[in-house]
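Residues per chain are reported as follows:
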Amino acid sequence: MTAGAGETLHQQAACFADWLRAALLVHPGGGPLRRLAENLELPFVDTRSTIAVTVHDAPAEAAEPETAEEILETASADPALVETLRAGFGWQYPAADLAAVPAKVSVTSIVHKQEQTTLERPAFLSKDGLTAAEMGTALHAFLEHADFAALATGLAGGGDTLAEAIRTERQRQVEAKLTPPEIAGKLDVSKIRRFVEGEAFARIRAAKQVLRELDFITALPASAVLAAQGSARPQADSAAAQARVLVQGIADIVLVFDDHIELLDYKTDRKKTEQEFLDAYRAQLDLYALAIEKRFAPKPVTYKGIYSFSLNRLLEVET
């Protein structure tokens, strides 16, 4: 590079080919390149290597590519290929409506999906110190473990006897560690008393067998589940209509009689009218009935009721 190409190499070389070209320009055999560069006076390096440099004419420039319009004008479509492509792109999954069918649902998730979210009254603003959710949990826990026979005996005694029976049962649950004392002490005894004196407890006393917090998991028709979710029912001959959905839930009270089944569900929601209760929970009780009927077949579910602790009465859920 001391022959004079060094400055050019360092200033202009942008790739390995530029380095190679610079070396050939100052090689004794690089005459053809020096003539092409019109610089025959460029000094060259005296080297022992021998090379032969041949310069070839550049190939003719390729013709400009056709535009999309020109290609479309000259190309001829293959009818068979076109039909195959159309069939492929137009294909639809025959069971596409199954995409809207869940494989498994819980009954409570269906109910919560339909209900609007509301803010509970803070515990420190509640007169009893409990939120609605906490009071609901406490009432459910009390009735889940309650000695119905003892409460029935208290009811038969009337007056103060029933109130004492409720307090005794509450203390029994505390001692058995079924209910925390801070919760048990704030249970609304008057609400429990109205429940024991009402129609719901009368049905419980009349049953041959009382099952509490009965959990179930069973396959139900997708059409029934979709209807409970508020979705449109699928066509009778569709894949979605033939599908089965695994449904899971827990029934508060299942009353078993010789020839039929009755369902009861406790609700502690506040500020709901009778119709609002029925609208909110009809789907839940309908699914419970389908599942329980399968479990106790051939006994049918002939009654579905919601006991509202805020309204202090039993509401019948008609199908």
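Keep in mind it's a predicted model, so treat the numbers as computed, not measured.

Here is what the cut-offs are and how they apply
Residues numbered from 1 in each chain as written. Predicted model: local features only at pLDDT ≥ 70, side-chain atom pairs only at ≥ 80, totals over all residues. Heavy atoms only, no water. Salt bridge = Lys/Arg side-chain N within 4 Å of Asp/Glu carboxyl O. Helix = DSSP H or I, 4+ residues; strand = E, 2+ residues; numbered from the N terminus. Buried < 20%, exposed > 50% of the residue type's maximum accessible area, 1.4 Å probe, protein only. Contact = heavy atoms within 4.5 Å. Arc of directions from axis to C-beta. Pairing = 2+ DSSP bridges.

Q: What's the story with the pattern of salt bridges in this structure? I'm lost.
A: Between side chains of opposite charge, pairing is possible as soon as their charged atoms come close. Applying the stated criterion across every chain, the model contains eleven salt bridges. Salt-bridge contacts for Arg203 lead to Glu262; the nearest nitrogen and oxygen are separated by 3.0 Å. Note that Arg203 is positioned in helix α12 (residues 199-206) and Glu262 in strand β4 (residues 261-267), a separation of 59 residues in sequence. Taking relative accessible area as the criterion, Arg203 reaches 21% and is therefore assigned partly exposed. Among the residues examined, Glu262 registers a relative accessible area of 8% and is labelled buried. Notably, a salt bridge pairs Lys208 with Asp258, separated by 3.2 Å at the nearest N-O pair. Placement of Lys208 in the loop between α12 and β2 (209-221) and of Asp258 in the loop between β3 (244-256) and β4 is noted, with a sequence separation of 50 residues between them. Just as Lys208 is exposed, Asp258 falls in that class too. In this structure, a network of salt bridges that share partners links the residues Glu199, Arg203 and Glu262.

Q: How should I be thinking about the side chain of Lys267 in this particular structure?
A: When you line up the elements, Lys267 lands in strand β4. The contacts of Lys267, once residues within four sequence positions are left out, are Phe277, Tyr281, Gln284, Ile306, Tyr307, Ser308 and Phe309.

Q: What is the right way to look at helix α11 (residues 189-197) in this model?
A: An α-helical turn contains 3.6 residues, so a residue and the one three or four places further along point in the same direction. Among all positions in α11, only Ile192, Phe195 and Val196 are buried. Buried residues of α11, viewed axially, fall in a sector of 95 degrees; they line one side.

Q: What should I look at first to understand the pairing of β4 in this one?
A: The side chains of a regular strand alternate between both faces of the sheet. The element β4 is largely enclosed, with a buried count of seven among its seven residues. In β4, alternate side chains face the same way, and those of Ile261, Leu263, Asp265 and Lys267 on one face and Glu262, Leu264 and Tyr266 on the other are all buried. In the sheet, β3 pairs with β4 via four bridges, with the strands oriented antiparallel. Considered in β4, the bridge of Val256 is made with Ile261. Hairpin connection between β3 and β4: a loop of four residues separates the two successive antiparallel strands. For β4 and strand β5 (residues 301-308), the ladder comprises seven bridges, and the chain directions are parallel. Its bridge partner lying in β5, Leu263 is registered against Lys304.

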